[in-house]
Amino acid sequence: PAIAKALRSKIDEAGLDVKVHPLIKETGCQGLCEKGPMIRIVPDDIAYYKVSLNDVEAIVEKTLRSGEVIPKLLHISAKTGKPVLTLRENEFYTPQVKIALRHVGEIDPHQIDDYIDHGGYGALEKTVKEMTPDVVIEEVHRSGLRGRGGAGFPTGRKWKQCASYENSPKYVVCNGDEGDPGAFMDRSIMEGDPHSVIEGMIIGAYAVGANEGFIYIRDEYALAVETIRKAIEQARERGYLGRNILGSSFSFDLSIVRGGGAFVCGESTALMASIEGKVGEPRAKYIRSVEKGLWGQPTVLNNVETWANIPVILTQGGDQFRQIGTEKSTGTKVFSLVGKVKNTGLVEVPMGIRLRELIFDIGGGILGGRKFKAVQTGGPSGGCIPEELLDLPVDFDSLTEAGSMMGSGGMIVMDDRTCMVDVARYYVQFLADESCGKCVPCREGIRRMAEILEDICEGRGQESDLDLLLNIGETMAEAALCGLGKSAPNPVSTTIRYFREEYLAHIQERR
Ligand code: SF4
């Protein structure tokens with residue numbers, strides 16, 4: 001905001017065409033986070049990075065007045081080492097395909113008109129005016145969309161199941177409790193394009209027969225809360241929320257619930273308990289939320305990214321959507337690409353892209369000319385994937401086969417200086433701190449794992465510890481109550497599978 005304000009005032013002082021003013025647009029994240037704040041000058045598409053208040057005068061006087069480029073503000077290609085003038089030519093952006101992030105960095109998230117000018121709420125109009133709930137569900141089913149929050153459950157099937165129950169009321173819920181270290185996908189969507197989430201939820205509610213919805217947002221995301229709150233108000237004023245939406249007989253409204261700060265509240269049943277005002281603990285899932293979710297009523301819960309995909313599916317049609325991605329993992333996935341890569345930030349790529357392309361083309365390769373060692377996908381309970389699997393396609397099934405998972409989209413790249421045993425210890429300790437302690441396999445198992453890893457790192461380990469770690473992990477995967485405990489062993493099992501020699505080196509150092 002400070003740079004935008006300074007730009008406006010400099011343009012005034014310089015006496016440039018006042019028509020320029022409305023074109024200064026403050027958007028959400030532009031993706032290449034490490035190089036923010038960023039300014040794009042359209043229609044020439046000149047992109048300036050790491051802009052400071054000191055650069056404002058030069059931008060106005062040189063670029064806006066005289067069309068001169070300021071070389072020090074350009075991106076330097078990690079591949080060629082040469083400056084890059086436009087966004088189109090920047091290797092970070094070129095391979096990306098934007099669906100969920102289609103408006104993030106393009107529109108002013110605080111202006112509903114900007115969203116509408118970009119086709120926003122068109123899918124909702126089409127839905128309520130031309131489609132029956134069954135047809136909407138069929139379209140989502142045909143798209144092949146799978147939940148982007150971690151489990152990858154087919155969205156259309158979930159909606160169909162919920163719609164099949166006649167109990168009323170029903171609810172739709174958005175999971176915006178993004179707690180993975182290093183992940184900021186959902187935050188960027190909520191801050192940069194809140195109406196796409198809201199529009200997706202209204203369409204979902206229409207399809208399953210819900211009249212009330214909740215957006216559960218991590219408490220630390222104050223800006224996301226504020227942006228969504230404003231967007232809800234604007235949508236209400238325009239008749240997209242409330243009674244008789246767009247003149248139809250369908251009514252629906254939304255509220256925000258702020259999370260309490262517990263990582264486990266990202267788990268669907270714990271999240272629902274938290275909305276109900278109870279302790280945020282998971283429950284066994286033999287009763288499915290689509291039948292008995294929030295307050296025991298049929299509920300559809302999807303995450304931010306899943307909801308943001310919905311308007312596009314309804315606009316383009318499910319068949320068109322599934323042209324992107326792979327047969328079993330359609331569409332795109334948003335990742336926060338962080339760690340030891342040159343270009344860190346928010347990326348959206350077609351499912352099935354190779355890890356190598358993500359890390360070396362989009363990410364620009366490893367920082368400081370170091371060697372790649374591993375990439376961790378899927379958040380704290382994801383696995384670490386080694387160099388020999390760099391050609392693995394990034395989709396739900398391939399990542400699971402490799403012992404990791406898609407998760408919600410965290411991707412942390414590590415270089416050859418990283419100790420993989422330390423990495424496993426860090427994540428297990430994180431999960432031990434966040435385990436709610438309700439079930440024995442997770443409560444005891446994860447603590448024991450943390451102790452063993454601590455022993456190994458401190459030179460008190462022995463070779464038999466590795467089998468013990470794997471055994472505990474298998475038991476947890478089998479018997480823990482929720483996804484946190486079931487997947488918590490992943491960082492340990494994958495590092496033992498792919499980097500066993502590092503564990504042995506720690507153990508042998510002791511002798
Ligand atoms: Fe709680 Fe862990 Fe059991 Fe989940 S698996 S219910 S987080 S103790």
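Residues numbered from 1 in each chain as written. Predicted model: local features only at pLDDT ≥ 70, side-chain atom pairs only at ≥ 80, totals over all residues. Heavy atoms only, no water.

One open sheet holds the four strands; their spatial order is β7-β6-β5-β8, and the pairing between them is parallel. With partners counted over all chains shown, the strands left at the sheet margins are β7 (253-258) and β8 (299-303), one partner each. Across the sheet, the mean angle separating the axes of adjacent strands is 20° when strand polarity is ignored. The sheet contact formed by strand β6 (residues 212-217) and β7 spans six bridges and is parallel. From the neighbouring strand, I215 faces β7, where its bridge partner is I256. (Pairing = 2+ DSSP bridges. Helix = DSSP H or I, 4+ residues; strand = E, 2+ residues; numbered from the N terminus. Axes fitted to C-alpha atoms, helices over the stretch in contact; angles between N-to-C directions.)

Within the secondary structure, E191 is located in helix α7 (residues 185-192). We classify E191 as buried; its relative accessible area is 15%. With 162 residues separating them along the chain, E191 and C29 place their C-alpha atoms 8.0 Å apart. When residues no more than four places from it in sequence are discounted, the contact partners of E191 are P109, L223, A224 and T227. (Buried < 20%, exposed > 50% of the residue type's maximum accessible area, 1.4 Å probe, protein only. Contact = heavy atoms within 4.5 Å.)

At a minimum axis distance of 9 Å, the contact between helix α4 (residues 122-130) and helix α8 (residues 194-208) shows a crossing angle of 10°. In terms of axis orientation, α4 runs roughly parallel to α8. Of the residues in α8, those touching α4 at G122, A123, L124, T127 and V128 are E199, I202, I203 and Y206. For the contact of α4 with α8, the class distribution of residues is six nonpolar, two polar and one charged. (Parallel < 35°, antiparallel > 145°, perpendicular 65-115°, else oblique. Nonpolar A, V, L, I, M, F, W, Y, C, P; charged D, E, K, R; others polar.)

What follows is about helix α9 (residues 222-237). The terminal C-alpha atoms of α9 lie 23 Å apart, and with 16 residues this matches the ideal 22 Å at 1.5 Å per residue to within 8%. For α9, every residue scored as buried is listed here: A224, V225, T227, I228, A231, I232, Q234 and A235. Of the surrounding secondary structure, the elements contacted by the buried residues of α9 are α3 (112-117), α7, α8, β6 and β7. (Expected span 1.5 Å × (residues − 1).)

Here the focus is the domain arrangement of the protein chain. For the protein chain, the assigned domains read domain 1 (2-84), domain 2 (112-321), domain 3 (332-415) and domain 4 (420-509). Summarising the inter-unit geometry, the C-alpha centres of domain 1 and domain 3 are found 31 Å apart. Each partner contributes to the interface: domain 1 provides eight residues, whereas domain 3 provides eight residues. Of the roughly 610 Å² buried between domain 1 and domain 3, counting both surfaces, carbon and sulfur atoms make up 50%. Looking only at domain 1, the three residues that lose the most surface to domain 3 are E34, A78 and K79, adding up to 59% of its buried area. Put simply, domain 1 and domain 3 have one salt bridge between them. Note that K79 is salt-bridged to D361, the shortest N-O span being 3.3 Å. At the junction of domain 1 and domain 3, the tally comes to four residue pairs in polar contact (both at pLDDT 80 or more). (Domains from an automatic or database assignment. Buried area = accessible area lost by both parts, 1.4 Å probe. Salt bridge = Lys/Arg side-chain N within 4 Å of Asp/Glu carboxyl O. Polar contact = N/O pair within 3.5 Å; in protein donor to acceptor, adjacent residues only side chain to side chain.)

As summarised here, the arrangement of the five strands in space is β10-β9-β13-β11-β12, forming an open sheet in which the pairing is mixed. On the outer flanks of this sheet lie β10 (345-350) and β12 (384-386), each paired with one strand and no other. Direction aside, the axes of adjacent strands within the sheet are offset by 30° on average. In this structure, strand β11 (residues 372-377) lies alongside strand β13 (residues 410-415), joined through five bridges in antiparallel fashion. When the bridges of β13 are listed, T377 appears paired with M411.

Time to look at unusual backbone geometry. The step from G36 to P37 runs through a cis peptide bond, and the omega angle for that step is -10°. Within the secondary structure, P37 sits in the loop between α1 (2-14) and β1 (39-41). A cis amide bond links V42 with the next residue in sequence, P43, at an omega value of 5°. Examined against the element boundaries, P43 turns out to sit in the loop between β1 and β2 (46-48).

Attention now goes to the pairing of β13. Of all six residues that make up β13, six are buried, and the element is covered over most of its length. Direction of pairing for strand β9 (residues 332-339) relative to β13: parallel, over a ladder of four bridges. Within β13, the position partnered with S336 by the bridge is G410.

Once that is clear, we can look at helix α17 (residues 464-479). Spanning 16 residues, α17 covers 23 Å between terminal C-alpha atoms, matching the ideal 22 Å at 1.5 Å per step. Those residues of α17 that sit buried are D465, L466, L469, I472, G473 and M476. Buried residues along α17 cover an arc of 130° about the axis, so they all sit on one side. What points out from α17, more than 90 degrees from its buried face, is the exposed set E474 and E478. Buried-residue contacts for α17 involve α16 (440-457), α18 (483-487) and α19 (490-509). (Arc of directions from axis to C-beta.)

Glancing now at the nonpolar core. Among the nonpolar cores identified, the biggest contains 103 residues, and W159 and I202 are the most heavily contacted of them. With nine residues, α8 is the single largest residue contributor to this core. Contacts of I202, omitting those with residues within four sequence positions, involve Y121, L124, Y240, L241, I245, F250 and F252. Counting residues in hydrophobic clusters, the runner-up holds 30 residues, among them I452, V492, I496 and I507. (Core = buried A, V, L, I, M, F, W, Y, C linked by side-chain atoms within 4.5 Å.)

On to the packing of aromatic side chains. In the structure shown here, the tally under the stated rule is twelve aromatic pairs. Aromatic side chains Y206 and F250 sit 5.3 Å apart centroid to centroid with 75° between the ring planes, which places their arrangement in the edge-to-face category. Taken as a pair, Y206 in helix α8 and F250 in the loop between α9 and β7 lie far apart in primary sequence, 44 residues in all. For Y206, a relative accessible area of 13% corresponds to the buried category. Following the ring pairs from residue to residue traces out a cluster consisting of Y115, Y121 and Y240. The ring of F335 has K333 sitting right over it, with the charged end atom 5.6 Å from the ring centre. (Phe/Tyr/Trp six-rings, centres within 6.5 Å; stacked < 30°, edge-to-face > 60°. Lys NZ or Arg CZ within 6 Å of the ring centre and 35° of its normal.)

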